[in-house]
Amino acid sequence: MNESLDALAALCRRGPLVVLTGAGLSTESGIPDYRGPETARRAREPMRFADFVRSPEGRARYWARSFVGWPRLRDARPNAGHRALAALEAAGVVRAVLTQNVDRLHHAAGSRAVVELHGALAEVVCLGCEERSPREALQARLAACNPAFAAQVASGMRDGEQRPDGDAELDVEGFVVPACLRCGGELKPDVVFFGESVPPARVQAAMDTLTGAGVLVVLGSSLTVWSGYRFVRAAAKDGVPRAIVNLGPTRGDALADLRIEASTGVVLPALCERLGVKAPDV
């Protein structure tokens, strides 16, 4: 492990560091991932964009489950990995953080140069007029429209298994979803659902960060979906060194110059130490 960390530090000294983060970085903050070591025991199908758009029942099911799951996402706090990345950015080591995560924990930790590839659960968008509003405000409206359901949640009678997208696994019936206050349209979390594409301008902004980068480091992502894997492919094509830190195999392992099988919460503070950057205390 020490030799691998020394090798990672050596790569990071070659120039500006671009980081791609996935759900594995947030597991130590209590947010589960989709494809980590524990996923096999949690068989479930995430909400798909087509189902959300075409099915009123699907939207009600999503928002009911999100009503249960949102507080856990909202109250999650950055872990040692998030804080170490923010410290590395402040020290000029990290140029940009490209994240597949929707939890805003990078921002909470102090990172500023963040490209949210999949959006963020902290905001809601109207499918009609595209008005954006805070997710917390919708939580209050959901409670007001579903007082009996909200009371059961508060009492612990309604509970479910948490998902990375804030969707808790539970059965719901008769859940009422409020409409957009501006136009009466359907509301959707401002995130890229499965079956949607990352907006081209966002992809380009992320690709631009790789120009002149010294190394691309993947943290806590299986790289299963194209939205993240494309950056490893692009880095390999342009000759940018690639390092991957993850628990479990990834789609990009064959393209990695360095592969570390370890927790990001362990690796990132250790990397700070090797680079002479003071990481915030846990």
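Residues numbered from 1 in each chain as written. Predicted model: local features only at pLDDT ≥ 70, side-chain atom pairs only at ≥ 80, totals over all residues. Heavy atoms only, no water.

S.K.: Is there a simple way to think about the sheet that holds strand E5 (residues 132-134) in this case?
M.R.: In spatial order, the strands read E5-E4-E6; together these three strands make up an open sheet with antiparallel pairing. Only two strands of the sheet have a single partner each, and these edge strands are E5 and strand E6 (187-191). Neighbour to neighbour, the strand axes of the sheet diverge by 45° on average, direction disregarded. The pairing of strand E4 (residues 119-126) with E6 spans four bridges and is classified as antiparallel. In the sheet register, Val125 faces E6, and the bridge partner there is Lys188. Most of the contacts of helix H3 (residues 56-75) go to E4, to which it runs at about 145°, and overall it touches E4 and E6. (Pairing = 2+ DSSP bridges. Helix = DSSP H or I, 4+ residues; strand = E, 2+ residues; numbered from the N terminus. Axes fitted to C-alpha atoms, helices over the stretch in contact; angles between N-to-C directions. Contact = heavy atoms within 4.5 Å.)

S.K.: Would you explain the environment of Gln100 in this entry?
M.R.: Relative to the helices and strands, Gln100 resides in the loop between strand E2 (94-99) and helix H5 (105-109). We classify Gln100 as buried; its relative accessible area is 12%. The sequence separation of Gln100 and Gly119 amounts to 19 residues, and the corresponding C-alpha distance is 8.2 Å. Within the structure, the side chain of Gln100 is placed 2.8 Å from the side chain of Ser221, a separation counted as a polar contact. (Buried < 20%, exposed > 50% of the residue type's maximum accessible area, 1.4 Å probe, protein only. Polar contact = N/O pair within 3.5 Å; in protein donor to acceptor, adjacent residues only side chain to side chain.)

S.K.: For this particular structure, what's the right way to read the packing of aromatic side chains?
M.R.: The relative placement of two aromatic rings is captured by the distance of their centres and the angle of their planes. In total, this model carries eight aromatic pairs according to the counting rule given. Aromatic pair Phe52 and Tyr62: ring centres 5.9 Å apart, planes at 80°, arrangement edge-to-face. With Phe52 in helix H2 (residues 49-54) and Tyr62 in helix H3, this pair connects stretches of sequence that are ten residues apart. Comparing Phe52 with Tyr62, the two get one shared label, buried. (Phe/Tyr/Trp six-rings, centres within 6.5 Å; stacked < 30°, edge-to-face > 60°.)

S.K.: I keep staring at the nonpolar core and nothing clicks. Help me out?
M.R.: Most often, soluble globular proteins keep nonpolar side chains buried together rather than apart. Formed by 30 residues in total, the largest nonpolar core has its most connected members in Leu8, Leu17, Leu85 and Leu88. Those elements that place two or more of their residues in this core are helix H1 (2-12), strand E1 (17-21), helix H4 (80-90), E2, strand E7 (215-219), strand E8 (242-245), strand E9 (258-260) and helix H10 (264-275). In this structure, Val102, Leu105, Leu121 and Cys126 belong to the second largest nonpolar core, which totals 25 residues. (Core = buried A, V, L, I, M, F, W, Y, C linked by side-chain atoms within 4.5 Å.)

S.K.: Just checking my understanding: could you explain helix H9 (residues 226-238) for this structure?
M.R.: Taking 1.5 Å of rise per residue, 13 residues should cover 18 Å, and H9 covers 18 Å from first to last C-alpha, within 8% of that figure. Among the residues of H9, those classed as buried are Ser227, Gly228, Tyr229, Arg230, Phe231, Val232, Ala234 and Ala235. Just beyond H9, the residue with positive phi is Gly239, at close to 80°. (Expected span 1.5 Å × (residues − 1).)

S.K.: Explain the packing of H4 against H10 to me, please; I cannot follow it from the model alone.
M.R.: Helix packing geometry: the angle between the two helix axes and the distance between the axes. In the contact formed by H4 and H10, the axes pass within 7 Å of each other and the chain directions differ by 30°. Accordingly, the angle class assigned to the pair H4 and H10 is roughly parallel. For the crossing formed where H4 meets H10, the hand is left-handed. Along its contact with H4, which presents Ala80, Gly81, Ala84, Leu85 and Leu88, the element H10 presents Thr264, Gly265, Leu268, Pro269, Leu271, Cys272 and Leu275. By residue class, the composition of the contact of H4 with H10 is nine nonpolar, three polar and no charged. (Parallel < 35°, antiparallel > 145°, perpendicular 65-115°, else oblique. Left-handed = near helix turned anticlockwise from the far one by under 90°. Nonpolar A, V, L, I, M, F, W, Y, C, P; charged D, E, K, R; others polar.)

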